[in-house]
Amino acid sequence: MIIVDDEAHWVDNLSLTKPWHTFGIEQVHKAYSGMEALQIIATHPIDIVISDVQMPEMTGIQLIETIRKQDKRIKCIILSGHSDFDYAKQALQHKAVDYLLKPPTDDELFGAVETAIQQINSEWELVSSLERTQFTLRENLPLLKGQLLLDGLQGHRMSPEEWERKLTNYGLPFHDGECALMLVRLEEEFGRFKDNGQPLIEYAIINMAEEIMGEFMEVWGVKEEHGYLVFLLQMKAGGPAIEQESMLEKLSSQLQNKVKQFLKGSLSIVITAWFPFPAQLSERFRKAASYFRQIVGDEREFVMRVSEGEPSTEPGPLDALYLPPTLIHLLEAGHWDAAEAKLLAVCAELEEKFPVSWEHCMEAGFVITASFTNLAHRNGLRLGNLLGADIEALQNGEAFASINKLKKWSIGVLHKLQEGTASDVKDIRSLYVKKIQEYTDKNLHLDVSLRVLADHVNLHPTHLSKIYKIETGEGISEYISRLRMERACHMLKTTVKKVYEISREIGYMDPAYFIKVFKRQFGVTPQEYRDGKTTT
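The model shown is predicted, which means the values in this text are computed figures rather than measured ones.

## Observations regarding the overall build of the chain
Then step 1. Scanning the chain for helices and strands turns up 22 helices and eleven strands.
Then step 2. Against the compact-globule benchmark of 24 Å for 536 residues, the chain has a radius of gyration of 34 Å, which places it well outside the compact range.
Then step 3. Long-range pairs, those at least 24 residues apart, make up 67% of the contacts in the chain between residues at least 6 apart in sequence.
Then step 4. Carbon and sulfur atoms make up 52% of the accessible area of the chain, which amounts to about 29200 Å² in all.
Then step 5. Positive and negative charge centroids in the chain, built from 59 and 77 side chains respectively, lie 6 Å apart.

## What about the packing of aromatic side chains?
Then step 1. Scanning all chains against the criterion turns up 16 aromatic pairs.
Then step 2. Clustering of aromatic rings is evident, with ring pairs tying together Tyr508, Tyr513, Phe514, Phe518, Phe522 and Tyr529.
Then step 3. The ring of Trp10 is capped by Lys102, whose NZ or CZ atom sits 4.8 Å from the centre of that ring.

## Quick notes on the environment of Cys361
Then step 1. Its place among the elements puts Cys361 in helix 13 (residues 358-378).
Then step 2. In the structure, Cys361 is positioned 60 residues away from Glu301 in sequence and 38 Å away in space, judged by C-alpha atoms.

## Here's the deal with the packing of helix 18 (residues 461-472) against helix 19 (residues 476-494)
Then step 1. As a packed pair, helix 18 and helix 19 sit with axes 9 Å apart at the nearest point and diverge in direction by 65°. As far as their axial angle goes, helix 19 and helix 18 are roughly perpendicular. Residues Leu464, Ser465, Tyr468 and Lys469 of helix 18 touch helix 19, and the partners they reach there are Ile476, Glu478 and Tyr479.
Then step 2. Class assignment of the residues belonging to the contact of helix 18 with helix 19 gives a composition of four nonpolar, one polar and two charged.

## Some words on the sheet that holds strand 5 (residues 98-101)
Then step 1. Taken in spatial order, the five strands make up an open sheet running 2-1-3-4-5, and their pairing is parallel. On the outer flanks of this sheet lie strand 2 (29-31) and strand 5, each paired with one strand and no other. Pairwise comparison of adjacent strand axes, ignoring direction, gives a mean angle of 20° for this sheet.
Then step 2. When strand 4 (residues 75-80) meets strand 5, the two strands line up parallel, connected through four bridges. Among the inter-strand pairings, Leu79 is bridged to a residue of strand 5, identified as Leu100.
Then step 3. Running over the sheet, helix 2 (residues 34-43) touches strand 1 (2-4), strand 2 and strand 3 (48-52) and is turned about 145° from strand 2.
Then step 4. In the packing of helix 3 (residues 60-70) onto the sheet, the strands contacted are strand 1, strand 3 and strand 4, and the crossing angle to strand 4 comes to about 175°.

## Quick word on the confidence of the model for the chain
Then step 1. Looking at the chain, the pLDDT average stands at 86 and 93% of residues meet or exceed 70.
Then step 2. Here helix 4 (residues 85-93) stands out as the element of the chain with the lowest mean pLDDT, 69, in contrast to strand 8 (residues 229-235), whose mean of 96 is the highest.

## Brief notes about the side chain of Thr43
Then step 1. Relative to the helices and strands, Thr43 is located in helix 2.
Then step 2. Under the relative-accessibility criterion, Thr43 is labelled buried at 19%.
Then step 3. Side chain to side chain, Thr43 and His44 meet in a polar contact 3.0 Å long.
Then step 4. If near-sequence neighbours (up to four positions away) are discounted, Thr43 is found in contact with Leu450, Pro461, Thr462 and Ser465.

## Structural notes on unusual backbone geometry
Then step 1. For the bond running from Lys102 to Pro103, omega is -10°, close enough to zero to count as cis.
Then step 2. Looking at where Pro103 falls in the secondary structure, it is placed in the loop between strand 5 and helix 5 (106-127).
Then step 3. Cis geometry is adopted by the peptide bond preceding Pro278, which originates at Phe277 and carries an omega value of 0°.
Then step 4. Residue position: Pro278 is located in the loop between strand 10 (275-277) and helix 10 (281-294).
Then step 5. Its identity as a non-glycine residue notwithstanding, Lys264 has a phi of 60°, on the positive side.
Then step 6. Structurally, Lys264 is set in the loop between helix 9 (244-263) and strand 9 (267-271).
Then step 7. Positive phi is not limited to glycine here, since Asn458 has a value of about 60°.
Then step 8. Here Asn458 is to be found in the loop between helix 17 (450-457) and helix 18.

Conventions we followed
In every chain, residue numbers begin from 1 and rise along the written sequence. Given that the model is predicted, a residue must reach a pLDDT of at least 70 before its local features are reported, and side-chain atom pairs must reach 80 or more before they are shown or counted; all residues, however, enter totals for whole chains, interfaces and linings. As a convention, hydrogens and water are excluded, and side-chain values are obtained from all of the structure's heavy atoms. The helix count covers DSSP runs of H or I at least four residues long, the strand count covers runs of E at least two residues long, and both are numbered beginning at the N terminus. The globule rule used here is 2.2 Å times the number of residues to the 0.38 power, and the radius of gyration it is set against is calculated over C-alpha atoms. Contacts: residue pairs with any heavy atoms within 4.5 Å of one another. Exposure was quantified through the Shrake-Rupley algorithm and a 1.4 Å probe, taking into account, for residues, occlusion by the shown protein chains and nothing else. Think of it this way: Lys and Arg go in the positive column, Asp and Glu in the negative one, and His and the chain ends go nowhere. The atoms used to mark charge sites are NZ of Lys, CZ of Arg, CG of Asp and CD of Glu. Here a pair means two rings of Phe, Tyr or Trp (six-membered ring of Trp) with centres within 6.5 Å. Their orientation is stacked below 30 degrees between planes, edge-to-face above 60, and tilted elsewhere. Criterion for a charge above a ring: Lys NZ or Arg CZ within 6 Å of the ring centre, and within 35 degrees of the ring normal. Under this scheme, a helix contributes an axis fitted over its contacting stretch, all axes are lines through C-alpha atoms, and angles between N-to-C directions fall in the 0 to 180 degree range. Oblique is the label for any angle not covered by the other classes, which are roughly parallel (under 35 degrees), roughly antiparallel (over 145) and roughly perpendicular (65 to 115). Put simply, Ala, Val, Leu, Ile, Met, Phe, Trp, Tyr, Cys and Pro go in the nonpolar bin, Asp, Glu, Lys and Arg in the charged bin, and everything else, Gly too, in the polar bin. A pair of strands is labelled paired if DSSP reports no fewer than 2 bridges between them. Per-residue confidence from the prediction method is given by pLDDT, with values spanning 0 to 100. Burial classes: relative accessible area under 20% of the type maximum marks a residue as buried, over 50% as exposed, and values in between as partly exposed (1.4 Å probe, protein chains only). In the analysis that follows, any N or O atom pair within 3.5 Å is treated as a polar contact, provided that within protein one partner can donate a hydrogen and the other can accept it, and provided that, for residues neighboring in sequence, both atoms belong to side chains.

Written as structure tokens, this is what we have:
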């Protein structure tokens with residue numbers, strides 16, 4: 001909540017002596033003008049505003065009118081020393097919760113605040129209601145279903161309970177048990193749709209697959225990152241006893257024929273054997289995708305089954321290295337702890353599965369190094385300059401000579417990157433602070449609100465406020481108030497300018513308000529300060 005009034009004693013009394021915590025209000029902010037209130041609202045989460053009507057620079061009615069343009073959810077309560085019908089009418093037009101005469105009784109004030117809280121709770125209960133959530137879920141269901149299958153294909157770790165919960169919530173008729181995958185590649189005839197209509201063609205093929213196979217199987221399709229259309233298939237419960245392998249090949253061929261007949265393009269299809277879902281989903285997908293890559297030459301328009309064969313004794317791929325979020329994405333987002341955890345997971349997998357494979361260690365080292373180099377270059381740095389002597393281990397191959405060396409080197413480089421980018425961030429913050437202070441110093445007589453300052457440096461007001469606070473230890477509004485008072489004191493002592501002239505030069509259009517603020521700060525009026533009087 002924020003309490004706004006140009007009478008400081010009134011603001012302090014309301015904020016400090018009332019049991020606001022009993023209403024669930026965690027923090028009460030204080031503002032002594034409408035402009036100051038808007039600055040606080042721009043940088044803090046405010047739910048309720050209690051404001052006086054008559055204030056210099058901006059009335060309470062103008063304040064809530066401005067608030068309404070920025071945030072329709074904030075609840076406003078107006079206090080006034082006058083029972084003026086026009087004020088009350090304007091307050092109601094701007095949807096004020098209540099209009100109270102000063103001084104209000106505790107019952108009146110608390111009643112208005114309780115009403116505001118009830119309105120807030122009702123609105124958010126509506127937003128978070130089960131019905132609204134279910135509607136939103138239905139609207140976004142295709143995207144959610146597709147993303148769930150993509151997560152499974154990419155190897156995201158989910159417990160059986162999580163799989164079951166999501167399948168149920170999304171209305172997907174799949175369960176633990178035998179499934180197969182069908183990977184579909186659109187051939188070059190569809191290239192004519194690449195820049196216009198490709199998503200519609202893919203959607204049509206998914207619908208055709210559901211129509212052709214849906215009589216016997218549950219069908220769940222999605223487009224994955226390499227461009228394949230991937231379908232997870234599971235025989236329907238209570239369906240006819242049929243030979244699953246031959247049925248799947250027959251239906252895949254039907255899909256090819258119908259697409260060629262109606263969409264004038266050809267498909268190549270790879271299907272897997274039936275496997276336990278969801279346990280082997282990502283492994284079978286990886287094998288099927290690899291099967292496509294192994295087909296050489298111009299072969300196309302085929303339906304091929306991935307051969308089970310004998311269990312491979314050859315080393316497989318590194319999983320942890322490529323599971324999303326990838327290392328490069330974690331570095332770009334500045335998630336340093338998660339990036340370190342990623343490196344440790346890669347090294348742990350190397351130690352568990354490939355303890356004597358130099359190739360896997362080298363593979364991990366090259367990917368990690370490429371990610372580090374990319375981040376350095378994005379920040380205008382050279383990896384060599386950043387690493388210093390550590391670059392030698394990379395140049396002579398020693399960094400990848402063993403898993404332990406890779407772990408030690410990569411974690412060390414990660415910390416250096418973090419320190420280097422943190423230093424850059426601090427330099428950038430210092431630059432923003434310098435720009436703000438220079439602008440404010442030259443334009444103190446003009447509008448130096450948080451919004452104006454944020455526009456000056458092309459940042460969001462909330463972000464700028466946080467940066468300034470981190471770098472200087474004080475808020476922007478505190479800095480501006482302090483600068484105004486310091487300049488006022490200097491001008492009072494070194495010039496013969498009138499008080500109203502000084503008031504305007506430091507940004508107070510209302511001299512009476514300037515005098516009030518000055519006295520609240522120093523205990524004496526500006527003229528008394530000039531005359532050498534001090535507060536007792």
